[in-house]
Amino acid sequence: MHNNDKKLLNGLLKADGIDPNGVSNDERAVFREMLDEQLKSKQSKSDSRVKSRFKYFKSPFKMRKMGTKNTYDAGIKSGLKPEIWRIIMKSRITKLAAAAMIFIAILLGINSFPGSSSSLVFADIIQPILNAKSASMDMLIGPKESQVKIHDDILGSRIRRTVSNVKGTDIIIDLEEMKMLALSHTEKTATTVKLEGLGNIPNYLKLLQDTVVRMQDAEEFKVENQGLKSIDGHDYVVFVAVGGNDTITIWCDPKTALPVRIKQKTPNMLIICDNLQFDIAFDESKFSMDVPEGYTVADAGGIDFKKGSESGFIESLRIWAEIIEDGHFPDSINLQDIVKIGPKFEKGMKRAGFTKEQSAQSAMKFGQGIVFIRFFKGQGQWHYAGKGVELGDSSRPIFWYQPKDSETWRVIYGDLTVEDVAPENLPE
Amino acid sequence: MEFDEQLEKLVHRCQDGEKAAFERLFEIYQPRLRYYVRRLDSGDGHTDDILQDIWLAVFKKIHKLKDTRSLGVWLYRIARNRVYDGFRRKDRFVRMPEEDEIPVSGTDEPVFDAEDAEALHKAMERLKPQHREVLTLCFIEQMPYQSIADVVGCTIGTVRSRIFYAKHYLRKEMEIQSA
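Residues numbered from 1 in each chain as written. Chains lettered and ligands numbered in written order. Predicted model: local features only at pLDDT ≥ 70, side-chain atom pairs only at ≥ 80, totals over all residues.

Assigned secondary structure in chain A consists of ten helices and 17 strands. Sorting the 428 residues of chain A into buried and exposed places 37% on the buried side. Partitioning the contacts of chain A with sequence separation of at least 6, the portion at a separation of at least 24 is 61%. (Helix = DSSP H or I, 4+ residues; strand = E, 2+ residues; numbered from the N terminus. Buried ≥ 20, exposed ≤ 12 C-beta atoms within 10 Å, placed from the backbone. Contact = placed C-beta atoms within 7 Å.)

Below, the structure written as structure tokens:
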């Protein structure tokens with residue numbers, strides 16, 4: 001360190017009231033206490049948990065083949081259907097709606113990746129990806145026969161996304177600037193969308209990295225090493241990790257020690273990430289947010305997710321009950337339900353006699369409003385109890401949540417009116 | 001022996017579970033980490049908790065650190081994750097608008113003298129969070145741009161751009177203060 005640099009460092013620390021020459025006795029004492037505790041804890045665990053952790057993770061790729069070879073069954077029995085993507089691809093505006101919906105649905109999906117609630121330790125298996133700067137992956141949604149494949153190339157904070165049943169369209173997402181550019185190569189149109197109010201959304205790679213970091217601190221975890229299994233004639237080491245209600249299955253390449261497939265299952269959804277590759281030397285221009293030459297710029301305005309909030313969510317509930325479910329509220333409102341509503345949405349819009357424009361607007365409103373649940377800003381949990389409730393039933397509460405810094409709860413009723421309710425008067 | 005070599009050896013000793021090595025690492029990095037965390041966390045009185053979390057994570061994970069030369073990046077990434085985990089829990093992280101990445105040359109960047117440290121420190125408080133963060137890493141660790149990019153999780157071009165802007169804003173802010 002140069003003299004000026006060192007002086008500058010010391011000066012900055014002093015200016016902040018920090019002794020540049022070391023730590024205080026109190027700090028040192030606290031650290032030593034913590035260190036002693038950790039060393040002691042490590043020692044006592046070395047014959048049990050820590051050993052078992054090493055058994056599973058330390059050298060998983062030196063293992064000989066164990067267990068039986070299974071042909072990988074890519075079929076997903078989740079009941080997810082991809083029709084929603086097709087329905088909303090009928091006009092330029094609907095393309096925008098589709099882009100937004102794809103974006104929202106995947107955000108909803110990837111951000112539910114276990115981390116905050118589960119307690120797993122993945123250790124060495126996914127350690128190599130921590131340093132990855134770029135990645136490529138396929139996200140598979142729905143049963144095999146009607147599966148939608150979303151392909152993501154990721155470079156830093158940018159994603160280039162293609163969707164298997166949205167032909168001729170690329171979506172480039174800048175998660176740092178929160179912008180989206182939808183390029184229709186067939187129509188030579190470029191639609192830029194400002195995605196406001198979505199907060200700090202990591203891409204899947206970053207999310208995975210953050211998750212790994214968090215998981216490494218976890219004290220409790222349950223992992224099963226299923227040995228070598230085969231996918232399309234290639235052997236992979238398979239680990240199944242369970243934490244709380246979440247299950248993650250990871251297929252690792254025994255030679256590179258890198259995960260090639262991750263299956264994430266939560267009570268609300270199932271997503272498979274396939275063909276994972278890391279540190280690809282992408283051409284940066286592929287992620288450019290500049291409109292290509294010869295493309296017409298479509299003025300789509302922006303999607304301000306801040307405006308969604310409660311009123312947007314209520315509008316989504318109205319659309320869901322009125323158009324999608326023909327007069328009653330859905331049984332549940334989780335991600336799986338959202339992705340499944342495609343066919344019902346189409347029928348409902350026909351039934352209502354909507355024009356394409358009206359259909360697109362409904363899809364957009366629905367997508368925006370539903371984000372309220374994903375980016376829930378209240379305290380604790382939201383509760384949904386709309387199963388069997390008719391739209392207009394003012395006697396039945398269907399949704400309630402506690403806004404941030406509020407002592408009362410907001411309760412939405414079947415007629416979509418809202419009331420502030422004291423905690424002791426909440427629905428049971 | 002060069003400082004970097006000493007650090008590498010220190011990391012190896014930590015990886016072997018040597019108590020004295022951990023204590024040494026703590027003595028070296030705790031003041032700088034405190035400064036960095038305070039710049040990110042804007043002082044809600046949680047700094048000590050965050051620092052404790054950081055060192056717990058260091059203790060638990062240091063045996064996984066394969067490239068011991070990247071200790072600084074690794075350490076600050078842990079610190080950053082801990083601070084931002086706190087933000088996520090508190091749901092108060094506010095994304096700030098960022099300038100476009102622009103090509104900049106290193107020659108037209110303001111240079112800061114150690115004598116100005118106090119004014120610099122005060123002026124930094126007025127910068128945007130993302131500018132303050134990269135400058136902090138730049139000033140307290142003299143991190144190369146690539147390492148800062150690794151810590152912050154963005155491209156080297158973005159770091160270059162942020163530092164360029166940040167230094168100019170800082171200089172302007174210091175001029176306002178002195179006036």
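Still more to cover.
A word on the overall build of chain B. In terms of regular secondary structure, chain B is built from eight helices and zero strands. Each helix (α) and strand (β) of chain B, taken in turn from the N terminus, gives the series α-α-α-α-α-α-α-α. The burial tally for chain B puts 41% of its 179 residues in the buried class. Expressed as a percentage of contacts within chain B between residues at least 6 apart in sequence, the contacts between residues at least 24 apart total 68%.

Another aspect to go through is the nonpolar core. Nonpolar side chains in soluble globular proteins tend to be buried together. Within the largest apolar cluster, 54 residues are counted, with the highest numbers of intra-cluster contacts made by Leu12(A), Ala79(B) and Leu135(B). At nine residues, the largest contribution of residues to this core is made by helix H2 (residues 19-41) of chain B. When sequence neighbours within four positions are dropped, the list of residues in contact with Ala79(B) reads Leu33(B), Tyr36(B), Val37(B) and Ile54(B). Listed in part, the 36 residues of the second largest apolar core include Ala135(A), Ile159(A), Leu195(A) and Cys273(A). (Core = buried A, V, L, I, M, F, W, Y, C linked by C-beta atoms within 7 Å.)

Residues and elements named next belong to chain B. With 13 residues, helix H6 (residues 129-141) should cover 18 Å at 1.5 Å per step; its first-to-last C-alpha distance of 18 Å lies within 8% of that length. Counting buried positions along H6 gives twelve out of 13 residues, so the element sits mostly inside the fold. Within the sequence span of H6, burial applies to Gln130, His131, Arg132, Glu133, Val134, Leu135, Thr136, Leu137, Cys138, Phe139, Ile140 and Glu141. The first or second residue beyond H6 is glutamine 142, which carries a positive phi of 50 degrees. (Expected span 1.5 Å × (residues − 1).)

Residues and elements named next belong to chain A. Direction of pairing for strand E15 (residues 397-402) relative to strand E16 (residues 409-413): antiparallel, over a ladder of four bridges. Counterpart to phenylalanine 399 in the pairing with E16 is isoleucine 412. Linking E15 to E16, which pair antiparallel, is a turn of six residues; within it aspartate 405 sits at a positive phi near 60 degrees. Looking at chain direction, E16 and strand E17 (residues 418-421) are connected through four bridges and run antiparallel. If you follow valine 411 over to E17, its bridge partner there is glutamate 419. (Pairing = 2+ DSSP bridges.)

Before going further, it helps to examine the confidence of the model for chain A. Residues and elements named next belong to chain A. Taken residue by residue, chain A gives an average pLDDT of 68. The fraction at 70 or more is 57%. For chain A, the element scoring lowest by mean pLDDT is helix H4 (residues 83-87), at 26; E16 scores highest, at 90. Note that pLDDT drops below 50 for residues 106-124; the model gives that stretch 57 contacts with residues more than four away or on any other chain. With pLDDT under 50 throughout, residues 214-219 is counted as low confidence; its partners more than four residues away or in other chains account for 15 contacts. (pLDDT = per-residue confidence, 0-100.)

Because the α-helix completes a turn every 3.6 residues, residues three or four places apart line up on one side. Residue and element names in this part refer to chain A. An ideal rise of 1.5 Å per residue puts 18 Å on 13 residues; helix H1 (residues 3-15) measures up with 18 Å between its terminal C-alpha atoms. Among the residues of H1, Leu8, Leu9, Gly11, Leu12 and Leu13 are the ones counted as buried. A positive backbone phi angle near 80 degrees is found at glycine 17, which sits one or two residues after H1.

Now for unusual backbone geometry. With the exception of glycine, the majority of residues adopt a negative phi angle, and the majority of peptide bonds are in the trans configuration. Unlike most non-glycine residues, Asn275(A) shows phi in positive territory, near 50 degrees. If you trace the backbone, Asn275(A) turns up in strand E11 (residues 269-278). If you check the backbone angles, Gln142(B) has positive phi at about 50 degrees while not being a glycine.

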